[in-house]
Amino acid sequence: MGTHERDIRLNKLNTIREQGINPYKERFQKSHSLYQAKKLPLNTSGVRIAGRIMAVRIFGRLIFATLKDFSGKMQIALQEKAVGKERFAFFKKYIDIGDFFGAEGTIFKTKMGEITLDTSGYELLSKTLRPLPEKFHGLSDRELLYRQRYLDLIMNDGTIERFLKRTRIMKTMRDYLDAEGFFEVETPVLQTNPSGANATPFTTHHNALDLDLYLRIAPETYLKRCIAGGFDKVYEFARSFRNEGLDPSHLQDFTILEYYVAYWNYEDNMRFTEKLIKHVLEQVNGSLKLTFGEKVIDFGKDWKKVSLRDLIFTDTGIDFSTYTNENDLRKAIKEEGIEIQDLSTMGFGSLIDNLYKKVSRPKIDDPLFITHHPIELSPLARRNDINGRVTDRFQLVVNGWEIVNAYSELVDPVDQRNRLEEQASLHRKGDSEAMVMDEDFLTAMEHGMPPISGWGMGVDRFVCLLTNQENLRDVVLFPLMKPTDQQ
RNA sequence: GGGCCGUUAGCUCAGAUGGUAGAGCAGCAGACUCUUAAUCUGCGGGUCGAAGGUUCGAUCCCUUCACGGCUCACCA
């Protein structure tokens, strides 16, 4: 659907070309960023700056325009007497808001006190064919923000800041892990056997090998193979994919940070988690108190630890450790008047999980470690030595969100085989989220793994928390959108 | 997947008990050497998300569909 505006600009483009001017320049030699240029002393001459034109104000023989680059914004002034009649007229006729523009001139201060470049010469660097969104209100249509993120980045100042913060958060974690002796590794995204989590994978096909493949749902089992191979501290920022529903707190393409440490248990890991996250808060936000919406979340105190059994007992009076079968537990949940959908079809582990999500999790604001999840929910976690029905596992919950999930890893190949067989049987019965048998992983474990503690973080959620965002799509540059009919 | 809501000019938004629509910004033409949401004068711009139905007549009412948002359920 050609717009009138676009046709006008196409005409301008052609006219510019007919004058022998290339409207898409190869390069422009800048002397300063806009941020730097604004700090130069008055009367500095020969200053060369470039950026996108964000606004133009024309006063007869004087033009003010606002340039924007990655470092900031700066005003330039064009006087007819300084650039010459022809160049001045060219600007008025052919330069539009949105165009990329290079200017050379002298720093001065306007009567209103603004540091401005008095332009002596300029170049059109790149001609735009479409107009920018409205300058005052910017772009606010949520759909367009996601579909045309570049416009959001140009128009809304907070947006680029948010994504820079995402990068800073990831870099801070990376630097911390590196300093602690971790090695960053890369493991396969295309897998023959999706494992490491309970989730439905995306499927694809390798033509040359005539082989069905899956996009990874987690990097877990490959990172453990690294430990088996002799690494003792590894991590990966793992883009992972789950073929499930999407909502503000779930994307099908998301980033997990996982690390694995040989010879640690989950308690070592909890201590490290607290140090790591406090470090990130201090480095990135400069404070251990975090404002999220109306709440202030305090990371500064020692983080509390509570077992899942104690947490649910405190909130409901139900002690799941005293129940030996799911029917009795189901009855108790009904007697407490707690409403859970599909109650009748759930197994023991799911009942506990749903009870927790319904009753306990929403109440949690400040960081809380929840430990010792039932074995049914944790097919890859180490069985507790004293109570074999629970695992040596913890989750870190903040603001009602699970930020971290970690445990002492199961390294007993016999126990692991039994538990994967249980999962595989659930999978055969139609639970597409249950794990499938992974002989290759079991073989690796049979060759021997040291004691290991592993850890996984939903990076996008953590970034949401630190940037005060409710929707994961607001911390992902280009979230998946269904295509629309376009012409 | 269910429920609720939305989709009007490039953008931000009005609006008509049903008689095919307006503003601001952006654009075009003009005035203007200190503005920064510049100002002033004039002009152009819309298959009102798509299809079907009801109606003399639909952008408005009804149905279906598409896309999106929020929310409930499941997954981090």
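Sequence order sets the numbering: in each chain, residues are counted from 1 along the sequence as written. Going through the entries in the order they are written, you letter the chains from A and number the ligands from 1. At least 70 in pLDDT is required for a residue's local features to be given in this predicted model, at least 80 for side-chain atom pairs to be given and counted, and no such filter applies to totals for whole chains, interfaces and linings, which use all residues. Values shown for side chains rest on all heavy atoms present in the structure; no hydrogens or waters enter the calculation.

Caption draft 1: Structural view of the packing of helix 11 (residues 326-335) against helix 12 (residues 348-360). Helix 12 packs onto helix 11 with a crossing angle of 25 degrees between their chain directions and a minimal axis gap of 9 Å. It follows from the interaxial angle that helix 11 and helix 12 lie roughly parallel. Between helix 11 and helix 12 the crossing geometry is left-handed. Taking contact as the criterion, the partners of Glu326, Leu329, Arg330 and Ile333 in helix 11 are, on helix 12, Phe348, Leu351, Ile352 and Leu355. When residues are grouped by polarity, Ala, Val, Leu, Ile, Met, Phe, Trp, Tyr, Cys and Pro land in nonpolar, Asp, Glu, Lys and Arg in charged, and all others, Gly among them, in polar. Here the contact of helix 11 with helix 12 is built from residues that sort into six nonpolar, no polar and two charged. Axis angles are defined between N-to-C directions and span 0 to 180 degrees, where every axis is a line fitted to C-alpha atoms and, for a helix, only to the segment in contact. The way it works is that DSSP assigns letters per residue, a run of H or I at least four long becomes a helix, a run of E at least two long becomes a strand, and they are numbered from the N terminus. Angles are sorted into four bins: roughly parallel if under 35 degrees, roughly antiparallel if over 145, roughly perpendicular if 65 to 115, and oblique for all others. Two helices that cross are described as forming a left-handed crossing if the nearer one is turned anticlockwise from the farther one by less than a right angle, and a right-handed crossing if clockwise. Any two residues whose heavy atoms approach within 4.5 Å at even a single point are treated as in contact.

Caption draft 2: Fine view of the nonpolar core. Residues Tyr259, Phe299, Met457, Phe462 and Leu465 are the most contacted members of the largest nonpolar core, which totals 52 residues. Broken down by element, this core gets its largest block of residues, eight residues, from helix 9 (residues 266-285). Phe299 has contacts with Ile277, Lys278, Leu281, Leu288, Leu290, Pro367, Val398 and Leu465, leaving out every residue within four places of it along the chain. Here, nonpolar core means buried Ala, Val, Leu, Ile, Met, Phe, Trp, Tyr and Cys residues that are tied together by side-chain atoms lying within 4.5 Å of each other. Think of it in three bands: with a 1.4 Å probe and only protein chains considered, a residue is buried below 20% of the maximum accessible area for its type, exposed above 50%, and partly exposed in between. Counting residues in hydrophobic clusters, the runner-up holds 26 residues, among them Phe88, Phe90, Ile95 and Ile107.

Caption draft 3: Spatial organisation of the domain arrangement of chain A. An automatic or database domain assignment is the source of the domain bounds shown. We note that the domain assignment places domain 1 (3-126) and domain 2 (154-475) within chain A. Taking only C-alpha atoms into account, the centre of domain 1 sits 51 Å from that of domain 2. The partner domain 2 presents five residues to the five residues of domain 1 that form the contact. Buried area between domain 1 and domain 2, both sides added, is near 370 Å², and the carbon and sulfur share of it is 67%. Among the residues of domain 1 in contact with domain 2, Met54, Lys68 and Phe70 are the three that bury the most area, contributing 71% of the side total. Here a salt bridge means any side-chain nitrogen of Lys or Arg lying within 4 Å of a carboxyl oxygen belonging to Asp or Glu. Our enumeration of links across domain 1 and domain 2 arrives at one salt bridge. For the salt bridge of Asp157 with Lys68, the shortest nitrogen-to-oxygen distance reads 3.8 Å. Here the side of domain 1 that touches domain 2 is built from residues that sort into two nonpolar, no polar and three charged. The term buried area means the drop in 1.4 Å probe accessible area that two parts suffer when joined, counted for both and summed.

Caption draft 4: Expanded view of the protein's contact with RNA strand B. One heavy atom within 4 Å of a molecule or strand is enough for the residue carrying it to be called near that molecule or strand. Residues in contact with RNA strand B amount to 55 residues; listed here are only the nearest, Lys135, His250, Leu251, Arg461 and Arg473. Within 4 Å of the protein, atoms of RNA strand B come from sugar and phosphate in 58% of cases. Whenever two N or O atoms come within 3.5 Å, that pair is a polar contact, provided that in protein one can donate a hydrogen and the other can accept it, and provided that, for residues adjacent in sequence, both atoms are side-chain atoms. Here a phosphate oxygen of RNA strand B sits 3.2 Å away from a polar atom, N or O, in the main chain of Arg61. In the environment of RNA strand B, a phosphate oxygen lies 3.2 Å from a nitrogen or oxygen atom belonging to the side chain of Lys93. Contributions of two or more residues to the surface near RNA strand B are made by helix 1 (4-18), strand 1 (47-59), strand 2 (62-69), strand 3 (72-79), helix 5 (142-147) and helix 12.

Caption draft 5: Region of the structure containing the packing of aromatic side chains. The aromatic pairing rule takes the rings of Phe, Tyr and Trp, using the six-membered ring of Trp, and pairs them if the centres are within 6.5 Å, calling planes under 30 degrees apart stacked, those over 60 edge-to-face and the rest tilted. Going through the model one piece at a time under the given rule, you end up with 17 aromatic pairs. Seen from their ring centres, Phe90 and Tyr94 are 4.9 Å apart, and the 45 degrees between their planes marks the pair as tilted. Placement of the pair is Phe90 and Tyr94 together in helix 4 (residues 85-94), with a separation of four residues, close to one helical turn. We classify Phe90 as buried; its relative accessible area is 7%.

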